[in-house]
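Structural features, examined
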Amino acid sequence: MITSEEILKQLENKLGAFESNSKMQNVGVVEKSNDGVVAVSGLTQAVMGEQVQFENGSRGLILNLDEEYASVILLDPGSTIKEGDKVSRTEKLLTITASEELLGRVINPLGIPLDGKKEVTKGKQMPLERIAAGVTEREKVDTPMKTGIKAIDAMFPIGRGQRELIIGDRGLGKTAIAIDAILNQKPGRSTLKPMIAIYVAIGQKQSTVAQIAGRLKEEGAMDYSIIVAANAPDPAALQYLAPYAGVSIAEYFMEKGHDVLIVYDDLTKHAWAYRQMSLVLKRPAGREAYPGDVFYLHSRLLERAVRLNEKNGGGSITALPIIETQAGDISAYIPTNVISITDGQIFLEAGLFNSGFRPAINVGSSVSRVGGDAQTGAMKSVSGKLKLDLAQYRELAAFAQFGSDLDAGTVAALDNGKRMTEILKQLQYHPLSEPEQILSIWAVANGYANDIPVEKIGQFETELHEYVHSNNKKLIERLGNGKKVDDEAKEDLKKTVEKFKKGFSI
Amino acid sequence: MKKLMIKKLALSCYTSEHLDSAETLKIAQLLNHHDLKQFIKVIKSEEDKRTATITSAKALTSADKKTVEDIFKGKTVHFQTDPSLLTGLKVQNADMIYEQSLKNTLEQIRKEVVSL
């Protein structure tokens, strides 16, 4: 309990060290104000991207330096700026205060809390705009970032330091995949270094963000997560800054050696906000009215997701950007831009979603350019041929639609393929650990579910997991150590699954 | 007329750092309403660059005023008083402000204490 004497002593010390700051100050005058952009004359010494302060205390950011005016975007909405108001330089670029106290918090891109708690004022000032780590500071991506989703961890594994795009139409489960990935980072779920998660909400409904925060809290994920939100009613400037604020906080943790997972939900709305700002700033419009540097907008953001080498701390930032397409068109402007920047994409399809295949991942169009390097030996040995087998199944299934008589081999392949597709379905908010994923995939790939009706595969999987957890913990440990599934482990797997099947009834 | 042309016209009204009123009036009468607005804007901005404003709590003595005018040779110097400064000076030269007043110092102290 701090006493009044201590408070007085602090005050005395602080005032004793006080030195009057009588520097020359460069000022400007507000000439025009419209659509959240203020034209300011004067400010001849100001630099691009600098923070400025208005007479009424509100902040702005210089985004255009023209011959006669500097264009300043307002960061504090609802502030009343009048013509003739004085504007002064702060000689600072935009920064955000980052510290461990941010874990579990919901903040806006300026660090202002949205969860009703106190603002975090003590910490390191991380610049929002920063050049990404150079080539010599980086390390190869070879450690898995497990999402807990079978389809992704088996066929499109994501590594720590990778950028994997989640792309699809609205309502197909893009955010669901990202949230499951965050939930799977709970300490204790894996033997790997636990990750910190940052969820950046750009231009979303406040109710959606509240729902996500609620779900993360319920599952105990808020202890290692931070939400940075610039919602739909917020100015376009805040929506533009949100991802940069998120990655700046991520860089704080990465520099301390942590592995960070950052989700940008979604970059389509980010591009819209930037387009709105650029049009108001009278910058020339290009294709689809986006400004000419819309590629740079996303490339400089995503390049900041790196894996650092041991010399630089060994930390990493894994980025999961989300892009919303219209009518499945992945060849539109913004989707093609972001696809060319990221190290792979997970493509969600409406047809699959409506047929009940959730997560609705299109196995043919999705890819992870890091691939097997980001998989443990155990998972690699089990899922090696999965993609190819599924591709062959899809070819056969298309052929079999014509209904002619099929030979036994084709029928068996089709049956197995149906069950493989079925086992890749997964409920939302139920990420699976690696041993559980290996169990499921191995059992079905090796034909142990061929005599079980397709609609009972889900039940088969759930009961198999429960059985192994209760009766063969050693197998779970063995599958979770990351090493290749050797013959001894395969034998153990075989015996366990056969034993389970004897007791399994539909 | 293009903005650059209007700017050149406005700058041509300045002979040896001072505004030539006759020349300015001559040009102004030849411009249309829209161009005249832009012309006035440029003249105003040029005048601001060539003006220094000294604000003091109490009126300065003639000797002090002469000292200031010598510092800002070539510029038009305006003197004004503002008792709220309490004591000290505030100098505005184009868009640069230098303030060493009691009001300003007290405000800085207040900000320091609030930030504790």
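For every chain, the first residue of the written sequence is number 1, and numbering continues from 1 onward in sequence order. Chain letters and ligand numbers both follow the written order, the letters beginning at A and the numbers at 1. With pLDDT at 70 or above as the cut-off, local features in this predicted model cover only qualifying residues; side-chain atom pairs require 80 or more to be listed or tallied, and sums for whole chains, interfaces and linings still use all residues. Water and hydrogen atoms play no part in the side-chain values, which are based on all heavy atoms of the structure.

**Overview of the overall build of chain A**
- We count a stretch as a helix when DSSP gives it H or I for four or more residues in a row; a strand needs E for two or more, and each element gets its number in order from the N terminus. Looking only at helices and strands, one finds 16 helices and 16 strands in chain A.
- For every accessible area listed, the method is Shrake-Rupley and the probe measures 1.4 Å; residues are considered covered only by the protein chains on display. Looking at chain A as shown, the accessible area adds up to about 23,300 Å², and 51% of this sits on carbon and sulfur atoms.
- By the counting rule applied here, Lys and Arg register as positive and Asp and Glu as negative, while His and the ends of each chain are not counted. To locate a charge, take atom NZ for lysine, CZ for arginine, CG for aspartate or CD for glutamate. Of note, chain A has its 60 positive side-chain charges centred 3 Å away from the centre of its 65 negative side-chain charges.

**A word on the packing of helix α1 (residues 3–12) of chain B against helix α3 (residues 33–49) of chain B**
Residue and element names in this part refer to chain B.
- As a packed pair, α1 and α3 sit with axes 9 Å apart at the nearest point and diverge in direction by 50°. Judged by the angle between their axes, α1 and α3 are oblique. Note that α1 runs across α3; the crossing there is right-handed. For the pair α1 and α3, contact is made by K3, I6, K7, L9, A10 and L11 and by D35, Q38, F39, V42, I43 and E46, respectively. Between N-to-C directions, angles span 0 to 180 degrees; the directions come from axes that are lines fitted to C-alpha atoms, helices contributing only their stretch in contact. In these notes the angle categories are as follows: under 35 degrees is roughly parallel, over 145 is roughly antiparallel, 65 to 115 is roughly perpendicular, and the rest is oblique. Crossings are assigned a handedness: left-handed for a near helix turned anticlockwise from the far helix by less than a right angle, right-handed for a clockwise turn. Only heavy atoms enter the contact rule, under which two residues are in contact if any of them lie within 4.5 Å.

**Considerations on a negative patch on the surface**
Residue and element names in this part refer to chain A.
- Patch criteria: residues need more than 30% relative accessible area and no salt bridge. Like-charged residues are merged within 9 Å; nonpolar side chains of Val, Leu, Ile, Met, Phe, Trp and Tyr are merged within 5 Å. Any Lys or Arg side-chain nitrogen found within 4 Å of a carboxyl oxygen on Asp or Glu counts as a salt bridge. A cluster of acidic side chains, namely D486, D487, E491 and E498, defines a negative patch on the protein surface.
- Tracing the backbone through its elements, the reader meets D486 in the loop between α15 (473–480) and α16 (487–503).
- Throughout this description, buried means an accessible area under 20% of the type-specific maximum (1.4 Å probe, protein chains only), exposed means over 50%, and partly exposed covers the range between. The class for D486 is partly exposed, based on a relative accessible area of 37%.

**Some remarks on the packing of aromatic side chains**
Residues and elements named next belong to chain A.
- Pairs were defined over the aromatic rings of Phe, Tyr and Trp, the Trp ring being its six-membered one, requiring ring centres within 6.5 Å. Orientation was assigned from the angle between planes: stacked under 30 degrees, edge-to-face over 60, tilted for the rest. Per the counting criterion, the structure on display carries 9 aromatic pairs over all chains.
- With 5.6 Å between their ring centres and 50° between their planes, Y467 and F500 make a pair best called tilted. Taken together, the residues span a long stretch of sequence, with Y467 in helix α14 (residues 457–471) and F500 in helix α16 at a distance of 33 residues.
- When its relative accessible area of 21% is taken as the criterion, Y467 is described as partly exposed.
- Residue class for F500 comes out buried when judged on its relative accessible area of 5%.
- Members of the aromatic cluster, each reached through a chain of ring pairs, are F460, Y467, F500 and F504.
- Between R275 and the ring centre of Y290, over which it is positioned, the NZ or CZ distance is 4.3 Å. Whether a charge lies above a ring is judged from NZ of Lys or CZ of Arg, which has to be within 6 Å of the ring centre and within 35 degrees of the ring normal.

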